[in-house]
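Coordinates in review
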Amino acid sequence: MISEDILFLSAAELGKRIQARTVSSTDLTTAYLDRSQKLGPKLNAYARLTPEIALQHAAAADKEIQRGHYRGPLHGIPYAAKDLLAVQGLPTTWGAKPYENQIFDHDATVIDHLRRVGAVLLGKAAMIELAGGMNYRFASASLQGAAKNPWNTNCWTCGSSSGSGAIVAAGLAAFAIGTETWGSIVCPSAYCGISGLRPTFGRVSRYGAMALSYSMDKIGPMARSAEDCAHIFAAIAGHDIKDRSTLPVDKAAFTYSPSLELTARPLRLAWLTNAWPKLDPRVEKPLQAAERSVRKIFPGVKPAALPEGPWEDAGGVVISVEGAAAFRDLIRSGKVAQLTDPLGHINGYLSEQIAGADYLRALQVRGILQEKMAELFDSFDVLVAASQPVAATTLETNLETGVVFPDPLGGIGNLCGLPALSVPCGFTDQGLPIGLQFVARAGNDAAAIRAARTFQQRTDWHRKHPKLS
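As a starting point, this report considers the structure included with it.

In this section: the overall build of the protein chain. In terms of regular secondary structure, the protein chain is built from 16 helices and 13 strands. With the C-alpha coordinates of the protein chain rotated into their principal frame, the extents come out at 60 × 55 × 45 Å. For the protein chain, contacts bridging at least 24 residues in sequence account for 78% of all contacts bridging at least 6. Of the roughly 18,500 Å² of accessible surface on the protein chain, a fraction of 51% belongs to carbon and sulfur atoms. Treating the 47 positive side-chain charges of the protein chain as one cloud and the 43 negative ones as another, the clouds have centres 4 Å apart.

Quick look at the structure:
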């Protein structure tokens, strides 16, 4: 029998045990499947489990390892993939009623890469319908219903990688794959007390993934630690001839070795003073403690401010226009009326009314912002701020009226395609996790990973997990 404590180990720690053959991939996969079958429905975490496929791949991994063919730190490690990633022969629903029977005849490149390194797919993670592409008011905007937070099942996990957050936090898989256009990796990671990496735009192929915003969509890992995120990122990053938006070979690929950090120069960190205009009082105290920890761990941390401008407005225009283009057929067929959330019934039509001149102006604003952020990163390697100014909201919260706050860092980070790694850094008095994000220059994912990993070497927030039954 594999204990619960084993299931909450990091992927890196599990990998060492599998390599040493003290734990088999088959036993680990069976334990995660059993736990997922028991707790997954209670949390609305999965779109579907794939036990037969998982056990077949786990058995193959065990045979290879027994023969001395070890593929690396993810070999035999069970994971879940957000249900907007195509898996050949399986329904890929995009979390939405109009696509509930959609089946592709190919795998997404990310799925293919993870199979090549020997990772074991347990199933497809639930998600917000169309990754929020038509907008939504309520956490229930999903085929599976509202994803419940393992730390407090009356609270949400955040969208749109809602199921991925629940799966990792609840110990239903060693890691999950999420996506972000604006906040959908960073926010669930913060709400669920896990580590999540939003990579530089273009480093991970989106072939076989649902398109929402062609110039802002990103795919990344959600896991127990920054180190796990690094190993997973190394497996899925790289140029792909099937996705012309991927960066060139020399800029897309990522290799990871902790030993390389030993000879690296000290990181220059800045604590952002205007990432959030206001923090919820319940998260203020743990974030103040996190800031003290950061300043102790990284001597020489300085204050810095994000440039001011209409960045959020520009990002909103880009997503709206590109989303309307991506879902043009759905909108014009009238099938948006089948979406769960009422806002999704109308938002596509509104997005189609945005003028081309406004979209072009938003792209010009993006260019100006990229120049300003390049100047800021000339002085600093990593920017640090709270991942969210609030803790997890309730399942009934109206997201349009009940959670209204500016998000300049989210707008800037996604409009510029910047890498960010959110890690847990404390809890509210109500026992809800708080997240801290490390943001780096586009292409310098290694700096964000290194800063987050260094923080986790000196803290233990990432080792805490909820008690579920």
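Now that the structure has been shown, we can carry on.
Along an α-helix, residues three or four apart share an orientation, since each turn contains 3.6 residues. Helix H6 (residues 162–169) sits mainly inside the fold: eight of its eight residues count as buried. Taken together, the buried positions of H6 are occupied by Ser-162, Gly-163, Ser-164, Gly-165, Ala-166, Ile-167, Val-168 and Ala-169. Gly-171 occupies a position one or two residues after H6 and carries a positive phi of about 70°.

To continue, consider the side chain of Glu-129. Positionally, Glu-129 belongs in the loop between strand S3 (120–125) and strand S4 (148–149). No salt bridge is formed by the buried Glu-129; the nearest opposite charge belongs to Arg-137, separated by 10 Å. Within the structure, the side chain of Glu-129 is placed 2.8 Å from the backbone nitrogen of Thr-340, a separation counted as a polar contact. Sequence-distant contacts of Glu-129, that is, excluding residues within four places in its chain, are made with Trp-94, Gly-95, Ala-96, Ala-141, Ser-142, Leu-339, Thr-340 and Asp-341.

A word on the environment of Ala-234. Looking at the element boundaries, Ala-234 is found in helix H8 (residues 226–236). For Ala-234, a relative accessible area of 27% puts it in the partly exposed group. For Ala-234 and His-113, which are 121 residues apart along the polypeptide, the C-alpha to C-alpha distance reads 9.9 Å. Not counting residues up to four positions away in its chain, the partners in contact with Ala-234 are Phe-254 and Tyr-256.

Adjacent strands of a sheet pair through backbone hydrogen bonds, lying either parallel or antiparallel. Strand order in the open sheet formed by eleven strands is S1-S3-S2-S6-S8-S7-S12-S13-S11-S9-S10, and the pairing between neighbours is mixed. Strands at the two margins of the open sheet, each flanked by one partner only, are strand S1 (46–49) and strand S10 (302–304). The average angle at which neighbouring strand axes cross in this sheet is 30°, direction not considered. Inspection of the sheet shows S1 paired to S3 by three bridges, in the antiparallel sense. What sits directly across from Arg-48, in S3, is Lys-124. This element, helix H4 (residues 51–66), spans S1 and S3 of the sheet and lies at about 155° to S3.

Moving on, we come to the pairing of strand S9 (residues 269–272). Covered by surrounding structure in S9 are Leu-269 and Trp-271 together with Ala-270 and Leu-272, the residues of both alternating faces. Note that S9 and strand S11 (residues 382–386) share three bridges and pair parallel. Pairing of Leu-269 across the sheet is with Val-382, part of S11. Alignment of S9 against S10, held across three bridges, turns out to be parallel. Paired with Leu-272 across the two strands is Ala-304, which belongs to S10.

As a further point, take the state of the cysteines. Under the defined criterion, the tally for this structure stands at one disulfide. In this model Cys-158 forms its disulfide with Cys-187; the gap between the sulfur atoms is 2.0 Å. Taking the torsion about the sulfur-sulfur bond, which here is approximately 100°, the covalent link between Cys-158 and Cys-187 counts as right-handed. On the criterion of sequence distance, the pair formed by Cys-158 in the loop between strand S5 (152–156) and H6 and Cys-187 in helix H7 (residues 186–192) is long-range, its members being 29 residues apart. With no disulfide of its own, Cys-155 lies closest to Cys-192 among cysteine sulfurs, the gap being 10 Å.

Moving on to the pattern of salt bridges. The tally for this structure, following the rule as stated, stands at 19 salt bridges. Notably, a salt bridge pairs Arg-35 with Glu-4, separated by 3.4 Å at the nearest N-O pair. Here Arg-35, found in helix H3 (residues 25–43), pairs with Glu-4, found in helix H1 (residues 4–7); they are 31 residues apart in sequence, far enough to count as distant. Classification of Glu-4 as partly exposed rests on a relative accessible area of 27%. The residue Arg-137 makes a salt bridge to Glu-400 at a minimum N-O spacing of 2.5 Å. Placement of the pair is Arg-137 in the loop between S3 and S4 and Glu-400 in the loop between S11 and helix H15 (408–415), with a sequence separation of 263 residues. Residue classification places Arg-137 among the partly exposed positions, given a relative accessible area of 24%. Residues joined by salt bridges that share partners form a network here, namely Arg-48, Asp-83 and Lys-124.

Here the structure, examined in full by the defined rule, presents ten aromatic pairs. Ring centres of Tyr-136 and Trp-156 lie 6.2 Å apart, and the angle between their planes is 80°; this geometry places the pair in the edge-to-face category. Placement of the pair is Tyr-136 in the loop between S3 and S4 and Trp-156 in strand S5, with a sequence separation of 20 residues. In this structure, Tyr-136 and Trp-156 share a single accessibility class: buried.

Our next topic: unusual backbone geometry. Between Gly-159 and the following residue, Ser-160, the backbone shows a cis peptide bond with an omega angle of 0°. Here Ser-160 lies in the loop between S5 and H6. Positive phi is not limited to glycine here, since Ala-131 has a value of about 55°. On the secondary structure map, Ala-131 appears in the loop between S3 and S4. Look at Ala-131 and you get buried, because its relative accessible area is 12%.

Here is what the cut-offs are and how they apply
Residues numbered from 1 in each chain as written. Predicted model: local features only at pLDDT ≥ 70, side-chain atom pairs only at ≥ 80, totals over all residues. Heavy atoms only, no water. Helix = DSSP H or I, 4+ residues; strand = E, 2+ residues; numbered from the N terminus. Contact = heavy atoms within 4.5 Å. Areas by Shrake-Rupley, 256 points an atom, 1.4 Å probe, with all protein chains shown as cover. Lys, Arg positive; Asp, Glu negative; His and termini not counted. Charge placed at Lys NZ, Arg CZ, Asp CG, Glu CD. Buried < 20%, exposed > 50% of the residue type's maximum accessible area, 1.4 Å probe, protein only. Salt bridge = Lys/Arg side-chain N within 4 Å of Asp/Glu carboxyl O. Polar contact = N/O pair within 3.5 Å; in protein donor to acceptor, adjacent residues only side chain to side chain. Pairing = 2+ DSSP bridges. Axes fitted to C-alpha atoms, helices over the stretch in contact; angles between N-to-C directions. Disulfide = S-S within 2.5 Å. Phe/Tyr/Trp six-rings, centres within 6.5 Å; stacked < 30°, edge-to-face > 60°.

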